[in-house]
Amino acid sequence: MSTRDTCWLNKKIANKHYQTYYLAEKSPLATTIRAEFAVLFANASEVDEKDKATIVFERVLNAKLGVEGFEMTVSENVVTLSATSDKGLLYGFYHLYTQLAQDKAIQTIVSVPDQAIRMINHWDNMDGSIERGYAGESIYFKDNKFRRDFETIRDYARLWASVGINAISINNVNVHKYETRLILEENLPEVKYIADIFSSYGIKTYLSVNFASPKIVGGLTTSDPLDEGVNDFWAAIAKNIYRAIPDFGGFVVKADSEGEPGPFTYGRGHDDGANMFARALAPFGGHVIWRCFVYDCAQDWRDRSIDRARAAYDHFIGLDGKFDDNVTLQIKLGPIDFQTREPVTPLFGGLKKTNHIIEFQITQEYTGHQKHIYYLAPVWKEALDFDTKVNEKENLVKNLLKENSVISERSGIAAVGSVGMDKNWTHHKLMQSNLFAYGRLCWSNQLTSKEIAEEWLALSFDLSQEAAEKVLAILLTSRETYEFYTAPLGIGFMVKPHLHYGPDIDGYEYDRWGTYHFADRNGIGVNRTSIDGTGYAGQYAKQREAEYNDLATCPDNLVLFFHHLPYTHVLHSGKTLIQHIYDTHFEGVARVENYIATWDVLSEEMPAADFENVKTLLQEQHRVAKDWRDQVNTYFLRKSGIADEKGRHIYA
Ligand code: GCW
C-alpha cells in the first residue's frame with residue numbers, strides 16, 4: 001500500500017463475526033481477495049474448511065450470473081458469495097465489504113452489471129503531463145519513461161475494482177512521439193507490469209495508438225488501411241503484444257480528429273480504418289475502440305452552413321453495420337464536447353447494427369478543473385435515462401447501448417479519468433465522489449445520484465447524519481450551481497480558449513472550433529431546428545425532433561442550443577431570457593457563498609486535511625464564480641440594454 005488517500009475503502013471491518021473466510025481458489029484474483037481481507041478487515045483469517053468459515057466463496061455454474069455477476073446469500077450467520085468466475089467473487093467481496101462498512105444488514109442479493117464494458121480512458125502523456133488533467137502528474141509516466149510507482153497503480157486498481165471497472169486505457173488518445181512507441185517491443189515489458197497489476201483486479205489494459213504508426217515507427221511509406229504492408233505491420237504488432245501480454249484488451253483510436261491522422265488521408269472510410277485494427281487484433285480476442293469525435297476543427301466562423309453538432313452523426317450513421325464484430329464505436333454523451341448542458345447525441349438510438357459505448361468525462365475539463373464542486377452523477381444518469389423515442393416508443397439510451405450493439409459484451413460506458421499524483425488522487429476531496437459514482441452507476445444503472453452520494457459519504461467519512469446531509473446537499477446541487485453561474489440555457493463554450501477555465505464570453509466566437517453563440521443586440525442562440533436551422537434536430541427520432549423544433553416543447557435548459565431567441569423571449573419558467581440570465585448568475589454565486597458557510601460548520605467532523613482542501617478550493621470556486629457572474633451579466637446588459645428588473649448591481 002502506498003501512503004495515498006484510501007478514498008471510499010477507508011474503514012476496517014471490526015465486526016467480530018465476519019472475520020473467517022473460506023476461499024479454495026488460488027488465482028491472482030483470489031490472491032487479491034486475500035490481500036484485501038488483510039487490509040480491510042481487522043482480524044481476518046482464512047480457514048481451510050468451509051464449515052469453519054462465516055464467509056464462504058464458491059465458484060458455481062449459474063448462467064444468470066454471467067461472467068462478472070455474483071450472488072450473496074445469508075443463512076445461519078454464514079455469508080456465501082458465489083460466482084461463475086473469480087472476478088465475480090472479487091466483486092462479491094467488495095459488495096460484502098461495503099455493506100459491513102456501512103453497518104448495513106447483510107442481505108441476499110443477485111448482482112449482475114448492467115453494462116458490459118465499464119472503462120476508464122486516461123489522457124496521460126509519457127512526459128508526465130495529463131491532457132485536461134488537474135490532479136498532478138500521470139501515475140504511469142514521467143520524463144518520457146514509465147514512472148514505475150507500482151504501489152500507486154495497485155492502489156488505483158483496487159479503487160476501481162471495488163466499484164466494478166473492468167477496462168483501462170493508460171495513454172492519451174492524442175498519441176505523441178514517445179507514446180507512438182508504446183506498442184513496440186522496447187516498451188512491452190513495462191506495459192506488462194501495469195497490465196498484470198490491473199489484471200489481478202479484473203481490469204483489462206488498453207493502449208491508445210497512433211493511426212500513422214506504420215509510417216512513423218514501421219518504416220513504411222503509407223498508413224493506408226487497405227495497403228497490404230500496413231495490414232501486415234499491425235498484424236505483427238498485435239501478435240507481439242499478445243505474446244507479451246496474453247490478456248491485453250486492445251486499442252483505442254482517435255482518428256481524423258483534431259489533427260490526429262486517420263483514414264481520410266487515404267480517401268478511406270472510418271470503417272476501413274477500424275476494421276484494419278480489428279483484423280489484426282481478432283486472432284487474439286482483441287478489441288478496437290474507435291472514437292466518433294470527428295468534426296471539422298478548422299471551421300470558418302463566417303460559414304454558417306456548417307454545424308459542429310451534426311458531425312458525429314453525419315460521419316457515422318451511414319457506416320452502421322459496416323464494422324467488424326470486435327470494433328466498438330465510442331460516442332461522446334453530447335454532440336459538442338462535455339459542456340454543462342448538451343442534448344444527448346442522436347447516434348444513440350440512431351445506430352442499430354454497430355457495437356457502441358457512450359463516453360463520459362470524469363476529468364472536469366469544462367466543469368471547473370477539480371477546483372469547483374461538480375458532482376457528475378446527475379449528468380450521466382440523465383444521459384443513460386434519456387428516452388430517444390426511437391420507433392415512437394420508450395427507448396432509453398442505457399438499454400439501446402446493448403440492444404443496438406451487435407455483440408452486447410462489446411457495449412457499455414467509457415469515461416475520461418481524472419486522477420493524478422496528488423495525494424488525494426482528484427485534487428478536490430469531494431470530487432472523489434465522481435470516481436465512485438462512475439463505477440457504481442456503470443454497474444447499476446438504476447441507482448440514483450443521491451443513493452450513490454450517500455453511499456460514498458458513508459464509506460469515506462465518519463459523519464453525523466446532520467453533517468452528511470449538508471455535504472450531500474452541496475453535491476446534489478453542485479451541477480445546477482455551476483450551470484447557473486456559467487453559460488446559460490445550453491449555449492456552452494463561453495470559456496477561456498484552450499484553458500477551458502473561467503469566463504471568456506466571446507473567446508470562441510470568431511475561432512475555428514465551431515462553437516458559436518451568435519449573441520447580438522437582439523438575442524442569442526443557435527438555430528439547430530430542422531425547420532429553418534442547421535437541421536441538427538432532424539437527426540433525432542420524429543417525436544424528439546418535433547419537441548426540439550418547437551419552442552412550446554423545447555426544454556428551457558436546452559433552448560439556446562436549438563434556437564436563436566430575443567432577450568425578451570419568455571421561457572417556460574415565466575421569466576424572460578435576459579432576466580433568467582441575470583437571476584441565475586446572481587443565484588449561482590450566492591449558492592457558492594452558502595457552500596462556504598456550510599463547509600465552515602463541518603470543521604469539527606471532517607478530517608483536517610480534507611477540511612482544509614475543500615475550504616481553500618471553495619475560495620477559488622467563489623472567485624471564479626464571481627468572474628463568471630459579472631462578465632456574463634455585464635456582457636448581456638451591454639448587448640441588450642435591458643436592465644435587471646431587481647436592480648442589482650451589474651457593471652455596465
Ligand atoms: O474536449 C476536447 C479536449 C481535448 C481532447 C478532445 C478529445 C484528448 O479539449 O483536449 O483531446 O476533446 O476528446 O479527443
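Keep in mind that this is a model prediction, so the values were computed, not measured. (Residues numbered from 1 in each chain as written. Predicted model: local features only at pLDDT ≥ 70, side-chain atom pairs only at ≥ 80, totals over all residues. Heavy atoms only, no water.)

(A) Structural view of the site of the ligand. If you check the shell around the ligand, you find 15 residues, and the closest are Glu131, Lys254, Arg291, Asp337 and Glu365. Arg291 is positioned with one of its side-chain polar atoms (N or O) 2.7 Å from an oxygen atom of the ligand. One of the side-chain N or O atoms of Lys332 is found 2.7 Å from an oxygen atom in the ligand. When the ligand sits alone it has 340 Å² of accessible area, and the protein chains cover 97% of it. A per-class count over the shell around the ligand returns four nonpolar, three polar and eight charged. (Near = heavy atom within 4 Å. Polar contact = N/O pair within 3.5 Å; in protein donor to acceptor, adjacent residues only side chain to side chain. Areas by Shrake-Rupley, 256 points an atom, 1.4 Å probe, with all protein chains shown as cover. Nonpolar A, V, L, I, M, F, W, Y, C, P; charged D, E, K, R; others polar.)

(B) Quick peek at the nonpolar core. Grouped together as the largest cluster of nonpolar side chains are 197 residues, with contacts concentrated most on Trp160, Trp234, Phe251, Trp290 and Tyr438. Phe251 has contacts with Ile183, Tyr206, Leu207, Val209, Trp234, Ile237, Ile241, Phe277, Leu281, His287, Val288 and Ile289, leaving out every residue within four places of it along the chain. In this structure, Ile117, Val173, Tyr206 and Val252 belong to the second largest nonpolar core, which totals 11 residues. (Core = buried A, V, L, I, M, F, W, Y, C linked by side-chain atoms within 4.5 Å. Buried < 20%, exposed > 50% of the residue type's maximum accessible area, 1.4 Å probe, protein only. Contact = heavy atoms within 4.5 Å.)

(C) Broad picture of the domain arrangement of the chain. Domain annotation for the chain reports domain 1 (20-111), domain 2 (117-460) and domain 3 (463-526 + 564-652). Look at where the C-alpha atoms of domain 2 and domain 3 centre, and you get two points 29 Å apart. Carbon and sulfur atoms supply 64% of the area buried between domain 2 and domain 3, which totals about 3600 Å² over both sides. Joining domain 2 to domain 3, the criterion identifies three salt bridges. (Domains from an automatic or database assignment. Buried area = accessible area lost by both parts, 1.4 Å probe. Salt bridge = Lys/Arg side-chain N within 4 Å of Asp/Glu carboxyl O.)

(D) Structural view of the UniProt feature "domain: Glycosyl hydrolase family 67 C-terminal" (unreviewed entry) in the chain. As recorded in UniProt, the feature "domain: Glycosyl hydrolase family 67 C-terminal" (unreviewed entry) lies at residues 427-648. Along residues 427-648 the backbone is 52% helical and 2% strand, and the end-to-end C-alpha distance reaches 35 Å. (UniProt positions renumbered as here; feature names shortened; annotations may be inferred. Helix = DSSP H or I, 4+ residues; strand = E, 2+ residues; numbered from the N terminus.)

(E) Spatial organisation of the sheet that holds strand 6 (residues 109-111). Spatially, six strands are ordered 2-1-3-5-4-6 in an open sheet, and the strand pairing comes out mixed. A strand with exactly one partner marks an edge of an open sheet, and here the two such strands are strand 2 (45-46) and strand 6. By the bridge criterion, two bridges tie strand 1 (residues 20-22) to strand 3 (residues 55-59) in an arrangement that is parallel. Residue pairing for strand 3: Tyr21 is matched across the bridge by Ile55. (Pairing = 2+ DSSP bridges.)

(F) The arrangement of the pairing of strand 13 (residues 287-291) in detail. Among the five residues of strand 13, five are classified as buried, and the element is accordingly described as predominantly covered. Side chains His287, Ile289 and Arg291 of strand 13 all project onto a buried face; the interleaved residues Val288 and Trp290 project onto the opposite face, where all are buried too. Both strand 12 (residues 250-253) and strand 13 contribute to a ladder of four bridges, which runs parallel. Residue pairing across strands places Gly250 opposite His287, the latter belonging to strand 13.

(G) Structural view of unusual backbone geometry. Of note, Arg148 is a non-glycine position whose phi angle comes to about 60 degrees, a positive value. You can see Arg148 is positioned in the loop between strand 9 (145-146) and helix 3 (150-162). The backbone of His369 sits at a positive phi, close to 50 degrees, despite the residue not being glycine. Residue His369 is classed as buried on the basis of its relative accessible area, which comes to 4%.

(H) Up close: the side chain of Ser640. Along the chain, the position of Ser640 falls in helix 19 (residues 608-640). The class for Ser640 is buried, based on a relative accessible area of 15%. Once you skip the residues sitting within four places of it in the chain, Ser640 turns out to touch Arg521, Tyr567, Ile578 and Tyr582.

(I) Structural view of the side chain of His95. With respect to the secondary-structure elements, His95 resides in helix 2 (residues 86-101). Classification of His95 as buried rests on a relative accessible area of 17%. Non-local contacts of His95, meaning those with residues more than four positions away in its chain, are made with Phe70, Met72 and Ile109.

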